[in-house]
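Take a look at the letters that make up each chain.
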Amino acid sequence: MFKRTTSLVALSVISAISNAQEAGRIEAGQFDIIPTFNSSLSYVDNVAYARDGEPKIYSWRATLSPEIIAATEIDGNPVQFGYRLERGVYFSSSADDYTDHFVEATGEYELNSRHRLSGTAQYEDGHEDRGTGFSLGAGDDITSPDTFKSIYAGA
């Protein structure tokens, strides 16, 4: 009974601490640099999204994703630049490994109390897993993920 109570209290404290912690900011001159790192490990039971009756590829996948954001204010208006890299590694299917790049810039400008502008520019050098998107249903027919480049700008 005592061990269970101690474990529950310890788990509650750890959960409260991890939820209360904010992303770190590093001051670098006029910019605040915000680094983050995400990772995951998952099991994929059909890497190429093969149809029923076709051989399937089973694999563990590790995903590593570092990101860096530079945030500042110009005349009181927030501006932010960011870059994220995402690397996916399949342990049993190296042909499906991928590296994606994401770049983003956002900004806001307040003209007066009633008029504001905001803008976003994004660039993605990404991929679609075999058997998804344009290769839907044909994952076994191609040997690597589809790659693409995408540009978006909006205001």
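Whatever comes next refers back to the structure up there.
Residues numbered from 1 in each chain as written. Predicted model: local features only at pLDDT ≥ 70, side-chain atom pairs only at ≥ 80, totals over all residues. Heavy atoms only, no water.

J.: Now, about the overall build of the protein chain: what can you tell me, with residues and values included?
T.: Assigned secondary structure in the protein chain consists of 1 helix and 7 strands. Secondary structure elements of the protein chain occur, N-terminal to C-terminal, as α-β-β-β-β-β-β-β. Across the 155 residues of the protein chain, 22% fall into the buried class. Nonlocal contacts in the protein chain, meaning residues at least 24 apart in sequence, comprise 46% of its contacts between residues at least 6 apart. When the accessible surface of the protein chain is totalled, it reaches about 11,000 Å², and 56% of it is carbon and sulfur. (Helix = DSSP H or I, 4+ residues; strand = E, 2+ residues; numbered from the N terminus. Buried < 20%, exposed > 50% of the residue type's maximum accessible area, 1.4 Å probe, protein only. Contact = heavy atoms within 4.5 Å. Areas by Shrake-Rupley, 256 points an atom, 1.4 Å probe, with all protein chains shown as cover.)

J.: Requested: an account of the sheet that holds strand β7 (residues 146-154), with residues and values cited.
T.: Within the open sheet, the 7 strands sit side by side as β1-β2-β3-β4-β5-β6-β7. Their pairing is antiparallel. The open sheet has two edge strands, β1 (26-28) and β7, and neither has a second partner. The average angle at which neighbouring strand axes cross in this sheet is 15°, direction not considered. Examined bridge by bridge, strand β4 (residues 77-90) and strand β5 (residues 98-112) share 10 bridges and lie antiparallel to one another. Looking across to β5, one finds that Arg-87 is bridged to Thr-99. (Pairing = 2+ DSSP bridges. Axes fitted to C-alpha atoms, helices over the stretch in contact; angles between N-to-C directions.)

J.: Could you give me a rundown of the pairing of β5, with the residues and numbers involved?
T.: As paired strands, β5 and strand β6 (residues 115-128) are joined by 11 bridges and run antiparallel to one another. Looking across to β6, one finds that Phe-102 is bridged to Glu-124. Between β5 and β6, which pair antiparallel one after the other, the connecting turn spans 2 residues.

J.: Account for unusual backbone geometry, with residues named and values stated.
T.: You will see that Asp-75, though not glycine, has its phi angle at about 55°, which is positive. In this structure, Asp-75 sits in the loop between β3 (59-74) and β4.

J.: So what about the packing of aromatic side chains? Which residues, and what values?
T.: By the definition in use, this model includes 1 aromatic pair. Looking at Arg-84, its charged tip hangs above the ring of Phe-102, at a distance of 4.0 Å from the centre. (Phe/Tyr/Trp six-rings, centres within 6.5 Å; stacked < 30°, edge-to-face > 60°. Lys NZ or Arg CZ within 6 Å of the ring centre and 35° of its normal.)

J.: Can you break down the side chain of Ser-59 residue by residue, with the values?
T.: Looking at where Ser-59 falls in the secondary structure, it is placed in strand β3. Within the structure, the side chain of Ser-59 is placed 3.2 Å from the backbone nitrogen of Phe-91, a separation counted as a polar contact. In contact with Ser-59, not counting residues within four places along its chain, are Ser-42, Tyr-43, Val-44, Val-47, Tyr-90, Phe-91, Ser-92 and Ser-93. (Polar contact = N/O pair within 3.5 Å; in protein donor to acceptor, adjacent residues only side chain to side chain.)

J.: Outline the side chain of Asp-96, supporting the account with residue identities and numerical values.
T.: Within the secondary structure, Asp-96 is located in the loop between β4 and β5. In terms of polar contacts, Asp-96 uses its side chain to reach the side chain of Ser-93, at 2.4 Å.

J.: So what about the pattern of salt bridges? Which residues, and what values?
T.: Here the structure, examined in full by the defined rule, presents 5 salt bridges. For the salt bridge of Asp-97 with Arg-87, the shortest nitrogen-to-oxygen distance reads 4.0 Å. One end of the pair, Asp-97, is in the loop between β4 and β5; the other, Arg-87, is in strand β4, with 10 residues separating them in the sequence. Of the residues examined, Arg-87 reaches a relative accessible area of 29% and is grouped as partly exposed. (Salt bridge = Lys/Arg side-chain N within 4 Å of Asp/Glu carboxyl O.)

J.: Please set out the pairing of β3 residue by residue, giving values where relevant.
T.: Both strand β2 (residues 31-44) and β3 contribute to a ladder of 13 bridges, which runs antiparallel. Residue pairing in the sheet places Ser-42 in a bridge with Arg-61 of β3. Where β3 folds back onto β4 in an antiparallel hairpin, the turn is made up of 2 residues, including Asp-75, whose phi is positive at roughly 55°.

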